[in-house]
Amino acid sequence: MNSSTLIFVILLLSLLSYWYAIQRSIKVAGGITRVKYLTSLPKQFGLLTALWCGVPALVVLLLWGIFEASVIDSLLVAYLPQSVAQLNSDQLGLQLNDIHILASDLANGKLLQSSLELSKSDAAHYLFQVQQNASVIKVALVVLVSASATIFITSRFSQKYPARVELEKIITALLWASSAVALLTTLGIVLSVLFESIQFFQSVPPWEFLFGTEWSPQIAMRTDQVAGSGAFGAIPLFAGTLLITLIAMCLSVPSGLMIAIYLSQYASSRLRSIAKPMLEILAGVPTVVYGFFAALTVAPLIRDLGSSVGLSVASESALAAGLVMGIMIIPFVSSLSDDAISAVPASLKEGSLGLGATPSETIKLVLLPAALPGIVGAILLALSRAIGETMIVVMAAGMAANLTANPLESVTTITVQIVTLLTGDQEFDSPKTLAAFALGLMLFVTTLVLNIIALKVVRKYREVYD
Amino acid sequence: MTRAVQNPITEKVKASLKRRHRKEASFKWFGRMAVALGFFLVFALLADITSKSLPAFHQYWVKLDIEYRSDWLKINSDDAKGFAKANYRKVFKRSVYLAYPDVKKRRDKKSLFKLFSSNAEFTIKDHLIENPHDLGKNIAIWVRMDDDIDSYLKENLPNGQLSSRINQKQADWVVILKQQGRIEKRFNFSFFTHSDSREPELAGIRGAFTGTLLTMLVTLLLSFPLGVAAAIYLEEFAPKNRWTDIIEVNINNLAAVPSIIFGLLGLAVIINIFGLPRSAPLVGGIVLSLMTLPTIIIASRASIKAVPPSIREAALGIGASKTQMAFSHVLPMAMPGILTGTIIGLAQALGETAPLLMIGMVAFIVDIPGSVTDAATVLPVQIFLWADSPERAFLAKTSAAILVLLVFLFVMNMSASLLRQKFEKNK
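When helices and strands are counted, chain A shows 16 helices and zero strands. The C-alpha radius of gyration of chain A comes to 32 Å, more than 25% above the 23 Å expected for a compact globule of 466 residues. In terms of principal-axis extent, the alpha carbons of chain A reach across some 85 × 75 × 35 Å. The buried share of chain A, reckoned over its 466 residues, is 45%. Sequence-distant contacts, at least 24 apart, represent 73% of the contacts inside chain A between residues at least 6 apart.

Right under this line is the structure:
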């Protein structure tokens, strides 16, 4: 029985136990007419029992799923003859893989070829047996756990049993656990990225990674080669990311800000009602679509424009990726700055207008300075988004690391390199793969710092006017 | 009243007025330009994609006279099993040679067969399996044209003119076929019913679409209950202490973590430690739900906060417990807002590509996924893969897939805003 069927069975059992507990609570009360003498509603008895029946069984199933593979493998290794079990980890892994494939053949009802080594077919039969036993034990265990939990809790039912209080304790605990998932996610991100990065920095020194100017991770790493040898210098990636981000900000900050100002201060409500959906469309378009637009429309356009005035433009120029990223960020900047501008008290604006300033003078000399912290926060958030943006640059920016400040040349970014290093087959002990996690760590830290600063700036500003 | 002595300051202000008004006008003009730029960009983006996608919705078919000769097929009429295994390639090739007896050179033969889709022999096969009585007869069968010819026909060049991917002979054949009325333009149903293929004329989005649905299902089933539960806990139950503060700050920061980082998490933890299968919608769904969780929590909290305190007090006042108050009174009132937030979060997840690249959903997958643990791909990743393909015909396919994705997103966002409007009216 596979796990999804088993989950379904658990749900069915819970439903059954719900019904059983309701019947039992009525019986404990002494008939349907005497239900009012119970401390809780029969429904609450039922829910309590259903939770007792389902939750532990699901936890058991989850734990089983996590540990099953490693336990079975260690059983298999213990079964294998000494000569095989003492191989190094790579070769052992290959052997185990072979045996797994043979065992799945057995499971599909195929017969093994007679030409196989005896030890292998033996091991495959053993593994097949273990796997079958394991799945029987799994089902038995799950059913046993849910049945015994149900029996335990229903045996405690009495007229005075506080089912509601017990139920609410469990519900509150579940709610608490759900709110902890977000924390666990962050913890998981930090730990996984950090762990792999530390492994990476054991083979490539951190300063070489942070300050090296040459990036070519595709070079085969031989054992006699000095680790790294300058191939993992991330400066070109940082520079490339910065260049594209800068181009994006040059487009998005002025236009986003002006859109926010015009829409909030000048525009008629009719214009606003059609401009808001326009911005929502820009904000809602998936990044892969922007990437397509950048790679197949904007980049050729810029190249043709460049060649018509005699400039040589790379077909994956930083300019194309940067401009399209700027388009993506416009709605982000404009909606956040709109919030900041409308949060400025009306009295400031009215005071300025009353003194005879023109609307534009009021905006430039009163509103913008007052809203500045909010706008700075918006720009920082937009910056962090631009740095972390992936699809546009994967599709429209280059692959080769190129240390240049010329927007017409092709550059690569942190996110592009993470994607190129991690797509396709990968082995988890090569610095090439681990480098992606080190880059991920850089990205995570950078965006986190930008976000924290942005939130601080915005919060500080709120304290002034609220 | 006559004007009194001119105040020197008034004079100065008056003198500068013209300049100030000019500045005002130019500032306003600047703002107008920015808004116009926004409109232009939306228009350019949508127009570009729509115009590029149009060729993908129809394709050219050609009529061939096929001789279903049993000595070529090596079957006879009462052998039902043999129909599936017969030599249709031979029938196809021989029938084409019969139609073009003067094509003798190897190179010409090769160009001739390049007129037709590699799928042609299967079309021929399907026809005979459906109509077994046609064995031994000469039947006119419509087959797809090759993608290069298809693109060439769509360019609508004057008769006989060459384009880069075809040669003179092919162009001449196409002209003759056209004059004979053997070429027909049909709506491209296979774009919606086929899965991915290396041949552009056969590739469709059904596999990716199914993968998207499965992934979204997992995302919804995980992120909605977890997000709502977390929001209820934080709004109704959480004591105001350090722990709650940490969770709050954490959720806000998580909302701004780049999506690719979630992909790294999925790769390192869900695939390598928990050992779930690569490329599976299950893993994709888990990663996307972790990513959308902050969005849903933040929206749900805002919606729960908007429920008036009088509701809570009334419920508690008539003896409801805190849990009953939260689940039976506050939650139903907050539901429209929560659903709106969930739809918006799911729409974000629907368009997300980068984290799915990390967990291996970029593979070339022909089979339509049947469960959440099968290898699958999703629409945005399919778009990414097609955009990378060298074949020109994939350009239109990519745009068409984008159009489908955008329509999907549009419907989701529309339903979210309709829900919001209804909610506001009821209030």
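Let us now look at the overall build of chain B. In terms of helices and strands, chain B carries 18 helices and three strands. Its C-alpha atoms give chain B a radius of gyration of 32 Å, more than 25% over the compact-globule value 22 Å for 427 residues. A principal-axis box enclosing the C-alpha atoms of chain B has dimensions of 105 × 80 × 40 Å. Of all 427 residues assigned to chain B, the portion counted as buried reaches 50%.

All names here are of chain B. When cut into domains, chain B gives domain 1 (55-186) and domain 2 (206-426). Measuring from the centre of the C-alpha atoms in domain 1 to the corresponding centre in domain 2 gives 47 Å. Each partner contributes residues to the interface: domain 1 has six residues there, and domain 2 has seven residues. Between domain 1 and domain 2, a total of about 550 Å² is buried, with carbon and sulfur atoms accounting for 66% of that surface. Our count for the domain 1 to domain 2 interface comes out at zero salt bridges.

Residues and elements named next belong to chain A. With their axes 6 Å apart at the nearest point, helix α8 (residues 235-266) and helix α11 (residues 318-342) run at an angle of 35° to one another. Crossing of α8 against α11: the hand is right-handed. Of the residues that constitute the contact of α8 with α11, the class distribution is 20 nonpolar, nine polar and one charged.

The next point concerns the domain arrangement of chain A. Segmentation of chain A into domains returns domain 1 (3-161) and domain 2 (235-465). Look at where the C-alpha atoms of domain 1 of chain A and domain 2 of chain A centre, and you get two points 50 Å apart.

Glancing now at the packing of helix α7 (residues 147-154) of chain B against helix α8 (residues 168-179) of chain B. Residue and element names in this part refer to chain B. Here α7 crosses α8 at 65°, and the two axes come no closer than 12 Å. It follows from the interaxial angle that α7 and α8 lie roughly perpendicular. Crossing of α7 against α8: the hand is right-handed. Two secondary-structure elements touch here, α7 through Ile149, Tyr152 and Leu153 and α8 through Gln170, Ala171, Val174 and Lys178. Looking at the contact of α7 with α8 residue by residue, the classes come out as five nonpolar, one polar and one charged.

On to the interface of chain B and chain A. Counting residues at the interface gives 73 residues for chain B and 79 residues for chain A. Contact with chain A buries area across many residues of chain B, yet Phe27, Leu45 and Leu264 of chain B alone supply 10% of it, more than any other trio. Seen at the junction of chain B and chain A, the total is one salt bridge. Two residues, Glu361 of chain A and Arg20 of chain B, come together in a salt bridge whose shortest N-O distance is 2.8 Å.

Basis of the calculations
Residues numbered from 1 in each chain as written. Chains lettered and ligands numbered in written order. Predicted model: local features only at pLDDT ≥ 70, side-chain atom pairs only at ≥ 80, totals over all residues. Heavy atoms only, no water. Helix = DSSP H or I, 4+ residues; strand = E, 2+ residues; numbered from the N terminus. Rg over C-alpha atoms; globule rule 2.2 N^0.38 Å. Buried < 20%, exposed > 50% of the residue type's maximum accessible area, 1.4 Å probe, protein only. Contact = heavy atoms within 4.5 Å. Domains from an automatic or database assignment. Buried area = accessible area lost by both parts, 1.4 Å probe. Salt bridge = Lys/Arg side-chain N within 4 Å of Asp/Glu carboxyl O. Axes fitted to C-alpha atoms, helices over the stretch in contact; angles between N-to-C directions. Left-handed = near helix turned anticlockwise from the far one by under 90°. Nonpolar A, V, L, I, M, F, W, Y, C, P; charged D, E, K, R; others polar. Parallel < 35°, antiparallel > 145°, perpendicular 65-115°, else oblique.

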